[in-house]
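One-letter residues, chain by chain:
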Amino acid sequence: MKVDIDDFNSWLDDTGFLYNRLDLLASKLERYLLSYKLTSSEDMRQVASKFSDVLKKCDLIDYQEDSTAIAYAILHFLNRYRRFQLNFLRLIEKDLLPIRDRTINALDVGTGPGPALYALSDILFCTY
């Protein structure tokens, strides 16, 4: 089944699918962080102390400390997830992403929480 990109883009616009997924992910991330990771002023201070490193050197730091990983998630996860949504749509428009059979092997190499895989999953398995 070949996807008609104009119909697909219209469906995305009409349903707000990508925005709704982003909003859902943002809500769940916020709820998780506030319920389990940022429960005290000290937790918040530790995470905030990592913001500068995460912004300036996110490719060089390790993520052994929870506070560093949480700072990364706060500063980068949703932004990168959204950019991957847009990049995958561009690949579909250029007929470079095998959306037809909805079976794909993907490998995300990195130290982060995998925003590319979340976005890819949303695109490939949306209810269009």
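The model shown is predicted, which means the values in this text are computed figures rather than measured ones.

(A) Examining helix α6 (residues 115–124) more closely. Counted residue by residue, α6 has seven buried out of ten residues, so it is predominantly covered. Within α6, the full set of buried residues consists of P115, A116, A119, L120, D122, I123 and L124. On its buried face, α6 is in contact with α2 (17–37) and α5 (66–93).

(B) Highlighting unusual backbone geometry. Here D95, not a glycine, exhibits a phi torsion of approximately 60°, which is positive. Position of D95 among the secondary structure elements: in the loop between α5 and α6. A relative accessible area of 41% places D95 in the partly exposed class.

(C) Examining the pattern of salt bridges more closely. Scanning the entire structure with this criterion turns up six salt bridges. With a closest N to O distance of 3.2 Å, K37 and D66 form a salt bridge. Placement of K37 in helix α2 and of D66 in helix α5 is noted, with a sequence separation of 29 residues between them. The class of K37 is partly exposed, set by a relative accessible area of 24%. For the salt bridge of R90 with E93, the shortest nitrogen-to-oxygen distance reads 3.8 Å. Here R90 and its partner E93 are both found in helix α5, three residues apart, which amounts to about one turn of the helix. What makes E93 partly exposed here is its relative accessible area of 40%.

Cut-offs and rules
- Residues numbered from 1 in each chain as written.
- Predicted model: local features only at pLDDT ≥ 70, side-chain atom pairs only at ≥ 80, totals over all residues.
- Heavy atoms only, no water.
- Buried < 20%, exposed > 50% of the residue type's maximum accessible area, 1.4 Å probe, protein only.
- Helix = DSSP H or I, 4+ residues; strand = E, 2+ residues; numbered from the N terminus.
- Contact = heavy atoms within 4.5 Å.
- Salt bridge = Lys/Arg side-chain N within 4 Å of Asp/Glu carboxyl O.

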